[in-house]
2 protein chains.
Amino acid sequence: MLQVSERGRAMPLSPYRKLTPYADAAKQRGVQVYHLNIGQPDIETPPAAVAAVQQAHIGVLEYSPTAGRPSYRRKLAAYYQRAGIAVQPDDILVTAGGSEAILFALLCCLNPGDELIVPEPFYGAYTAFAVATGVRIVPVAATIDNGYALPPIAAFEEKIGPRTRALLVCNPNNPTGYVYTRAELQALLDLCRHHHLYLLSDEAYREFCYAGEYVSALHLPGAAEHVVLLDTISKRYSACGARIGALVTQNPALQAAAFRFAQMRVSPPGLAQLLAEAAAELPDSYFDHAKAEYQARRDRMVARLQAMPGVQCPVPGGAFYIMARLPVDNAERFAQWLLEEFQHQGHTVMISPAAGFYATPGAGHNEVRLAYVINQPAIDAAMICLAEGLRQYPGRTAAAGA
Amino acid sequence: MLQVSERGRAMPLSPYRKLTPYADAAKQRGVQVYHLNIGQPDIETPPAAVAAVQQAHIGVLEYSPTAGRPSYRRKLAAYYQRAGIAVQPDDILVTAGGSEAILFALLCCLNPGDELIVPEPFYGAYTAFAVATGVRIVPVAATIDNGYALPPIAAFEEKIGPRTRALLVCNPNNPTGYVYTRAELQALLDLCRHHHLYLLSDEAYREFCYAGEYVSALHLPGAAEHVVLLDTISKRYSACGARIGALVTQNPALQAAAFRFAQMRVSPPGLAQLLAEAAAELPDSYFDHAKAEYQARRDRMVARLQAMPGVQCPVPGGAFYIMARLPVDNAERFAQWLLEEFQHQGHTVMISPAAGFYATPGAGHNEVRLAYVINQPAIDAAMICLAEGLRQYPGRTAAAGA
């Protein structure tokens with residue numbers, strides 16, 4: 001019989017996707033659904049960046065160079081330099097979204113069967129990339145009880161074995177919103193240097209830190225050989241649909257290998273590079289508005305959540321996600337119930353059960369991720385729905401607890 | 001020591017890339033280089049398609065749905081239906097170029113270590129995708145002596161072993177320009193049905209057939225379960241930089257698996273889908289101009305090549321490539337010599353040595369691929385250079401021969 005490959009069968013359906021039919025059905029019943037479940041920003045894409053595509057003269061839409069347009073790589077290097085990240089254009093491979101940067105990094109740094117250590121909870125797509133590349137993810141548990149800070153270095157060290165090739169951190173973190181400190185990152189890099197491992201650093205949310213300094217893995221002394229920065233313009237400029245990212249490393253052998261993988265797809269998206277190039281020239285003040293707006297939303301949502309009986313919710317320092325532990329038997333059942341059986345004055349809310357962000361079975365079963373990518377009145381309305389849902393939910397437990 | 005992965009080291013540099021420094025050096029010496037080495041069409045991208053992007057209202061450039069915009073999938077299905085390919089929107093996954101369609105097809109159909117049978121010569125990037133996915137390419141030799149027609153089915157059958165999972169054909173063929181007949185394709189499909197294999201059909205050059213009918217693998221009875229059509233708008237609409245392709249299959253389990261892989265990168269490029277959607281609505285007559293131009297170029301180049309002493313050159317039926325066997329010791333050395341040591345009245349020509357299109361070591365060592373993507377006067381000038389180069393080249397052999 002003709003069968004899909006084993007890796008094709010092992011590839012999971014995204015957790016978000018599982019709930020979509022229930023959300024669609026709710027909408028068909030006339031219920032308004034507040035989407036807190038995906039990281040699709042609602043902030044306007046910079047008009048100057050859109051205009052760069054719309055006003056360009058395009059006669060023949062040619063392949064761009066494999067590593068990206070030289071002018072874009074120069075401007076992107078300048079953007080990094082403004083952020084204190086001393087990279088050159090040759091250190092940058094422009095990719096089709098941050099996704100392709102993750103794919104190339106796993107292909108270049110690990111062989112099939114090799115192990116990648118990741119603090120959990122982590123961005124669900126990492127699991128999918130690991131299946132696609134035959135890599136084994138080894139989780140190290142972070143906990144809501146200290147706001148998902150970096151687990152102790154000893155917990156990482158004890159997971160290092162003969163097949164370990166790399167550590168992966170997302171900073172600021174998706175899904176937790178945690179922003180790693182300089183000391184935490186330096187400790188991770190030191191561990192990588194000691195054990196000859198790569199440090200993959202997904203910094204998609206760099207601009208969105210609401211307290212303290214932001215530290216990139218490439219800010220650290222000794223980073224050059226070890227660090228691979230995985231980046232994207234998706235969140236930075238509200239341009240998720242552009243599909244422009246970057247793999248940045250000062251390790252020339254690794255950059256050369258990533259380039260050879262990139263040759264198989266000839267070039268990154270061309271139109272969107274025009275947008276990205278114009279965006280890279282925006283002044284740093286461009287981020288002030290979005291950052292202030294996200295911070296106000298975070299404060300509003302955290303305050304609402306912390307006021308709900310039995311809800312545990314640390315204050316995240318960055319990104320636009322909040323993790324919360326809810327007084328429910330099972331967050332996935334609760335999320336489905338909110339869409340399928342609940343409504344409050346014609347409204348309900350769609351949330352992400354956190355189980356999809358954990359590799360350890362059962363972990364995070366009563367946690368959820370909430371994205372604050374809707375405006376403040378909508379956040380208020382969504383929080384009213386959530387509070388009311390928690391009151392009515394038949395599987396409610398006495399209080400949040402492990 | 002920190003090392004690039006084995007697969008990263010195994011990933012070859014594209015053959016084109018190896019010659020690029022010599023071409024750059026020639027240009028710096030003031031020599032004009034005619035590029036016959038890459039398949040970057042010079043035909044204008046349809047202005048109506050570019051306008052669709054440039055006139056769209058874009059407030060927030062959001063992720064598009066993972067499988068592509070529903071409106072684009074509908075219009076693309078209608079395009080296929082006009083070509084007699086009876087697929088529905090649900091049979092289509094929109095991808096980041098034909099490249100991503102190849103990647104997903106290999107991931108879904110084969111496991112690491114599985115074998116993919118491909119008639120050689122074949123598109124060089126297949127090798128790169130095979131390295132990335134851990135797939136082993138098993139070549140079946142076609143020959144210039146019958147214009148690179150499909151090798152006998154028995155030659156495929158004897159390569160089928162316990163790890164064989166799929167056959168891959170490119171039709172019209174890159175690099176040979178050969179257009180497979182209905183009988184050849186049906187024989188391949190029958191073989192796949194008998195041995196429970198997938199038939200991957202890369203049809204990037206569908207519109208560019210200059211003689212006889214064009215047959216898609218999806219035109220054949222019995223194709224639904226077995227055939228995966230790999231497609232792109234790159235060549236069809238001169239839109240290589242858009243990076244929009246499609247994976248098309250009527251096998252629902254396979255389409256579902258491809259969708260799960262696609263979820264890891266969330267969505268295909270958004271801006272370029274607007275371009276592709278407008279292009280999909282162009283009338284079939286749109287292709288008349290490009291087709292007539294390519295055919296005139298082909299005829300002109302073939303006539304010139306066949307007039308060169310010792311050159312063997314079949315007439316290709318499609319795409320925009322010509323393969324020729326040259327009276328030289330080694331086509332790679334000749335190509336480098338043309339760039340490094342030769343010029344004719346300030347001009348030279350860059351050609352693709354065919355070795356990069358063969359998996360069998362030594363095969364095609366005196367063959368080259370020439371792309372007719374420059375205008376007719378430039379083709380004349382390039383052919384004068386090539387003829388003169390063949391006259392002067394120190395490694396010239398008596399006549400073309402294996």
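Preceding this paragraph is the structure being described.
Residues numbered from 1 in each chain as written. Chains lettered and ligands numbered in written order. Predicted model: local features only at pLDDT ≥ 70, side-chain atom pairs only at ≥ 80, totals over all residues.

**Student:** Please give an account of the overall build of chain A that cites residues and values.
**Tutor:** Of the regular secondary structure elements, chain A holds 13 helices and 12 strands. What you see for chain A is a C-alpha radius of gyration of 21 Å, in line with the 21 Å of a compact globule of 402 residues. Structurally, chain A occupies a C-alpha span of about 55 × 55 × 55 Å along its principal axes. Burial analysis of chain A (402 residues in total) assigns 56% to the buried set. (Helix = DSSP H or I, 4+ residues; strand = E, 2+ residues; numbered from the N terminus. Rg over C-alpha atoms; globule rule 2.2 N^0.38 Å. Buried ≥ 20, exposed ≤ 12 C-beta atoms within 10 Å, placed from the backbone.)

**Student:** Before we move on, can you summarise the sheet that holds strand 11 (residues 352-353) of chain B with the specific residues and values?
**Tutor:** Residue and element names in this part refer to chain B. Strand order in the open sheet formed by 3 strands is 9-12-11, with antiparallel pairing between adjacent strands. Two strands close off the open sheet at either side, each with one partner strand: strand 9 (321-325) and strand 11. For strand 11 and strand 12 (residues 367-371), the ladder comprises 2 bridges, and the chain directions are antiparallel. Bridged to Ser 352 within strand 12 is Arg 369. Sitting on the sheet, helix 11 (residues 286-306) touches strand 9 and strand 12, and the angle it makes with strand 9 is about 5°. (Pairing = 2+ DSSP bridges. Contact = placed C-beta atoms within 7 Å. Axes fitted to C-alpha atoms, helices over the stretch in contact; angles between N-to-C directions.)

**Student:** An account of the packing of helix 11 (residues 286-306) of chain A against helix 13 (residues 376-392) of chain A is requested, with residue identities and associated values reported.
**Tutor:** All names here are of chain A. For the pair helix 11 and helix 13, interaxial distance at closest approach is 10 Å and the crossing angle is 15°. What the angle tells us is that helix 11 and helix 13 run roughly parallel. Every pair of crossing elements has a handedness; the one defined by helix 11 and helix 13 is right-handed. The residues of helix 13 that touch helix 11, namely those facing Ala 296, Arg 297, Arg 300, Met 301 and Arg 304, are Gln 376, Ile 379 and Met 383. Each residue belonging to the contact of helix 11 with helix 13 can be placed in one class, and the counts come to 4 nonpolar, 1 polar and 3 charged. (Parallel < 35°, antiparallel > 145°, perpendicular 65-115°, else oblique. Left-handed = near helix turned anticlockwise from the far one by under 90°. Nonpolar A, V, L, I, M, F, W, Y, C, P; charged D, E, K, R; others polar.)

**Student:** Tell me about the nonpolar core, and name the residues and values.
**Tutor:** Membership of the largest hydrophobic core comes to 280 residues, with the highest contact counts inside it found for Ala105(A), Leu167(A), Leu275(A), Ala105(B), Leu167(B) and Leu275(B). With near-sequence residues (within four places) excluded, Leu167(B) lies in contact with Ile117(B), Phe156(B), Leu188(B), Cys192(B), Leu197(B), Leu199(B) and Leu200(B). (Core = buried A, V, L, I, M, F, W, Y, C linked by C-beta atoms within 7 Å.)

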